[in-house]
Amino acid sequence: MKVSLFVTCLIDLFYTNAGKATVELLERLGCEVDFPEAQTCCGQPAYNSGYVKEAKEAMKQMMRAFADADYIVAPSGSCAAMLKEYPHIFQGDPEWEDKANRLAAKTYELTQFLVDVLKVEDVGASLHGRATYHTSCHMTRLLGVKDAPFRLLEHVKGLELVPLPNAHQCCGFGGTFSVKMGPISEQMVDEKIEHIEEVEADYLIGADCGCLMNIGGRIGRLGKPIRVMHIAEVLNARN
Amino acid sequence: MPMKIENGPFWKRVGENLDNDFMRGAVAGMQDRGYVRRLGVIEELGHWEEWRSLAEQIRKHTLENLDYYLMQLSENVAKRGGHVFFARTAEEANDYIRRIALEKQAKKIVKSKSMVTEEINLNPVLESIGCQVIETDLGEYILQIDDHDPPSHIVGPALHKNKEQIRDVFRRKLGYTKSSDPVELARHAREMLRRDYLTADIGITGCNFAIAESGSITLVTNEGNADLVTALPKTQITVMGMERIVPTFEEMEVLVSMLTRSAVGQKLTSYITVLTGPRDEGDADGPEEFHLVIVDNGRSSILGTEFQPVLQCIRCAACVNVCPVYRHIGGHSYGSIYSGPIGAVLSPLLGGYDDYKELPYASSLCAACTEACPVKIPLHELLIKHRQIIVEREGKAPAAEKLAMKAFRLGTASPSLYRFGTKLAPGAFASFVKDGRITKGPGPLKAWTESREFPAPSKERFRDWFRDRQKGGNPS
């Protein structure tokens with residue numbers, strides 16, 4: 001099965017290990033991974049800030065880059081949800097509407113792809129320690145992917161998965177919200193970290209690098225001994 | 001109290017509220033208890049998503065045929081001997097109500113809870129002609145006697161006050177001498193209010209839902225105060241936003257059920273009252289005269305626009321109760337009597353962007369509001385629409401942001417520019433990186449690094465690694 005990876009700009013630039021883990025994991029499960037080099041960004045930073053015209057240019061580039069893909073897989077619930085929004089955004093646009101529909105129909109978030117398309121729950125991973133999982137808002141609410149990460153994580157050998165209190169609550173990232181509304185965002189991420197500490201987790205796992213950059217960045221600043229991992233890294237771990 | 005709360009600029013309001021530990025504890029407690037309770041009653045009802053779709057369909061249908069149903073409603077109110085007044089503006093509504101008060105030579109007016117009368121700032125108008133206006137909803141009563149403290153929540157207006165603070169207000173203003181026990185406090189308020197109901201000349205209510213087919217109005221409370229407001233005074237005036245209407249009793253029943261579950265996690269509230277016109281011959285109680293004031297005040301200019309879904313709102317505050325931003329900054333930070341996500345969408349529409357330009361950004365777009373809304377208003381999408389208008393039409397976006405977005409467009413629309421730009425990132429950031437992270441960032445990163453570390457760009461981008469690997473070099 002040929003899979004075209006939309007790696008997302010955060011992973012391309014900052015969290016390359018999550019991207020590498022995604023490739024290795026998919027290959028181990030028998031996929032042929034392709035990386036269309038013309039990909040840029042899903043457009044979300046501009047779109048959510050109200051710069052729709054600017055966002056649409058990025059979106060058109062994404063549709064061009066992935067025109068030939070069979071499956072588009074993104075290790076990010078939020079970016080995948082943005083791609084799924086293209087049909088809504090290009091509705092009534094004679095040139096782009098069909099392309100937007102086609103792109104959205106073949107887009108999957110990584111864990112969703114593993115569980116729903118590849119029908120795998122046990123990827124043979126092992127990681128020792130106590131972990132809790134952050135359900136990111138766009139992945140659960142906009143994309144509707146709720147169970148897949150848990151089904152996969154439950155099969156990771158050695159991993160003790162504990163529920164995160166108030167899991168439904170946003171970590172305070174919200175893209176430009178985190179800088180425009182910094183003092184409010186800080187309170188939100190602090191509350192998230194209190195809950196992570198409450199369950200004494202060694203690992204905080206998530207499926208969106210935006211949230212992980214926010215929570216991890218605050219954990220780093222506060223010097224807390226909690227390791228932040230992308231779910232692809234966990235599922236690719238063999239130790 | 002007008003829609004706008006005069007309590008300084010946005011960041012001053014936020015700063016004060018972030019420092020208010022009591023308020024934040026009260027809000028968090030309310031949200032956490034409410035979350036569990038709401039999920040409980042939703043589960044008990046079953047098929048929640050189907051109920052939401054039905055409720056949405058009812059609201060959409062009503063708004064699409066609003067002229068028809070408003071006409072039907074006003075005809076049926078008139079048939080039952082009531083008077084209907086369509087007020088285009090707050091001033092028109094206030095003038096009409098003031099005229100009635102003058103005509104009746106009213107000295108005392110009792111009111112049940114109504115957001116729309118706060119929106120149009122009715123009370124000072126009545127007070128200016130010498131009427132004593134008494135709020136009878138316990139929360140509103142507390143705020144009123146506390147020198148008109150503004151509401152901080154559309155359903156629980158005094159959420160930001162604890163029982164000790166309420167006791168102190170009662171002591172100061174009512175000569176109260178007992179404890180902060182909520183039962184004693186409520187008993188005292190009730191004793192005071194009972195006298196007022198009996199001696200009031202006019203009762204003013206809001207309206208949860210008007211029913212077009214019968215000309216009735218529906219009032220939903222847990223205190224029974226609306227029943228006394230409507231049963232005892234000789235004149236009743238009901239004030240409603242022009243969108244608060246349903247075609248028939250059948251739809252009213254669906255929406256009341258969604259309202260009470262979403263607002264307070266109850267199957268039903270203690271009192272759900274449907275009233276039709278003035279008292280008939282042989283009725284034991286009820287007003288001799290009934291007036292229905294239907295307020296537009298900016299609503300009709302929302303109709304037919306991309307913001308029309310906001311008029312689906314049934315003022316349940318489910319969005320407020322799940323909002324993580326409201327959780328930390330509380331209602332007063334919004335500077336409007338409409339707070340939380342619904343307030344962030346509605347306040348700029350009714351009050352303009354000059355006063356409320358920050359509100360559309362006071363959201364992480366986590367969509368908890370959209371998910372909780374019982375009538376499926378896409379609240380977070382409407383916030384994005386506001387942002388779009390602020391950028392494109394109002395031109396209120398900061399210059400640095402506009403520049404950044406221009407760069408974004410250039411960089412993301414061209415793969416070669418994107419590759420070039422991202423290749424430069426590690427070098428550009430090099431002088432700020434220490435131990436693989438950035439602790440004090442330049443430009444837009446500064447706000448981020450006020451409270452968080454920022455990751456250093458990888459020396460090797462993912463795409464470089466992938467390309468090398470394809471070429472058979474260096475797999476890691």
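Residues numbered from 1 in each chain as written. Chains lettered and ligands numbered in written order. Predicted model: local features only at pLDDT ≥ 70, side-chain atom pairs only at ≥ 80, totals over all residues.

You'll find chain B entered in an unreviewed UniProt entry as Lactate utilization protein B, with Geobacillus proteiniphilus given as the organism. Its UniProt record gives chain B a comment under Sequence similarities (unreviewed entry), which states: "Belongs to the LutB/YkgF family." (UniProt positions renumbered as here; feature names shortened; annotations may be inferred.)

The name recorded for chain A in an unreviewed UniProt entry is Lactate utilization protein A, from Geobacillus proteiniphilus. Among the UniProt annotations of chain A, the heading Function (unreviewed entry) holds the following wording: "Is involved in L-lactate degradation and allows cells to grow with lactate as the sole carbon source." Here chain A is described in UniProt, under the heading Sequence similarities (unreviewed entry), as follows: "Belongs to the LutA/YkgE family."

**Description of helix 19 (residues 399–413) of chain B**
Along an α-helix, a turn takes 3.6 residues, which lines up residues three or four apart on a common side. Between its first and last C-alpha atoms helix 19 of chain B spans 21 Å; for 15 residues at 1.5 Å apiece the expected length is 21 Å, and the two agree. Turning to helix 19 of chain B, its buried residues are B:Met405, B:Phe408, B:Gly411, B:Thr412 and B:Ala413. For helix 19 of chain B, the elements touching its buried residues are helix 3 (44–48) and helix 4 (52–65) of chain A together with helix 20 (415–429) of chain B. (Helix = DSSP H or I, 4+ residues; strand = E, 2+ residues; numbered from the N terminus. Expected span 1.5 Å × (residues − 1). Buried ≥ 20, exposed ≤ 12 C-beta atoms within 10 Å, placed from the backbone. Contact = placed C-beta atoms within 7 Å.)

**A word on the interface of chain B and chain A**
Listed as interface residues are 48 residues of chain B and, on the opposing side, 52 residues of chain A. Considering only residue class, the side of chain B that touches chain A consists of 29 nonpolar, nine polar and 10 charged. (Nonpolar A, V, L, I, M, F, W, Y, C, P; charged D, E, K, R; others polar.)

**Brief notes about the UniProt feature "binding site: [4Fe-4S] cluster 1" (unreviewed entry) in chain B**
All names here are of chain B. Residues annotated by UniProt as "binding site: [4Fe-4S] cluster 1" (unreviewed entry) correspond here to Cys-313, Cys-316, Cys-319 and Cys-373. For the residues just named, distributed over 61 residues, the greatest C-alpha separation is only 10.4 Å, placing them together at one site. With respect to the helices, strands and loops of the structure, Cys-313 is situated in the loop between strand 10 (289–295) and helix 13 (318–322). Overall, Cys-313 belongs to the buried group, with 23 C-beta atoms counted inside 10 Å. Beyond its immediate sequence surroundings of up to four residues, Cys-313 is in contact with Ile-342, Val-375 and Ile-377. Structurally, the position occupied by Cys-316 is in the loop between strand 10 and helix 13.

**Some words on the nonpolar core**
Residue and element names in this part refer to chain B. If you look at the biggest cluster of nonpolar residues, it comprises 204 residues, and the most contacted ones within it are Ile-109, Leu-255, Val-295 and Cys-319. By residue number, the principal contributor to this core is helix 12 (residues 249–264), which donates seven residues. Aside from chain neighbours lying at most four places away, what touches Leu-255 is Ala-55, Ile-58, Phe-209, Val-246 and Ile-314. (Core = buried A, V, L, I, M, F, W, Y, C linked by C-beta atoms within 7 Å.)

**A short note on the domain arrangement of chain A**
Reports of interface size often rely on the accessible area that becomes lost once the parts have come together. Residue and element names in this part refer to chain A. Along its sequence, chain A is carved into domain 1 (2–116) and domain 2 (121–235). The C-alpha-based centres of domain 1 and domain 2 are spaced at 22 Å. The interface of domain 1 with domain 2 comprises 27 residues on the first partner and 24 residues on the second. Grouping the constituent residues of the side of domain 1 that touches domain 2 by class yields 14 nonpolar, 11 polar and two charged. (Domains from an automatic or database assignment.)

**Quick look at helix 5 (residues 90–103) of chain B**
Residues and elements named next belong to chain B. Helix length check: helix 5, at 14 residues, gives a terminal C-alpha distance of 20 Å against a target of 20 Å (1.5 Å per residue), a fit within 8%. Listing the buried residues of helix 5 in full gives Ala-90, Ala-93, Asn-94, Ile-97, Ile-100 and Ala-101. Down the axis, helix 5 shows its buried residues gathered within 125° of arc, on one side only. More than 90 degrees from the buried face of helix 5, the exposed residues found are Arg-99 and Glu-103. Where helix 5 is buried, its residues touch strand 1 (83–87), strand 2 (108–111), helix 7 (122–127), strand 4 (202–205), strand 7 (235–241) and strand 10. Looking one or two residues past helix 5, Gln-105 carries a phi angle of roughly 50°, positive in sign. (Arc of directions from axis to C-beta.)

**As for the packing of helix 5 (residues 77–89) of chain A against helix 6 (residues 97–105) of chain A**
Residues and elements named next belong to chain A. For the pair helix 5 and helix 6, the least separation of the axes is 8 Å and the interaxial angle reads 155°. Comparing the axis directions of helix 5 and helix 6 gives the class roughly antiparallel. When you trace helix 5 past helix 6, the crossing you get is left-handed. For the pair formed by helix 5 and helix 6, the contact residues are Leu-83, Lys-84, Tyr-86 and Pro-87 on the first element and Ala-100, Asn-101, Leu-103 and Ala-104 on the second. Split into classes, the residues belonging to the contact of helix 5 with helix 6 amount to six nonpolar, one polar and one charged. (Axes fitted to C-alpha atoms, helices over the stretch in contact; angles between N-to-C directions. Parallel < 35°, antiparallel > 145°, perpendicular 65-115°, else oblique. Left-handed = near helix turned anticlockwise from the far one by under 90°.)

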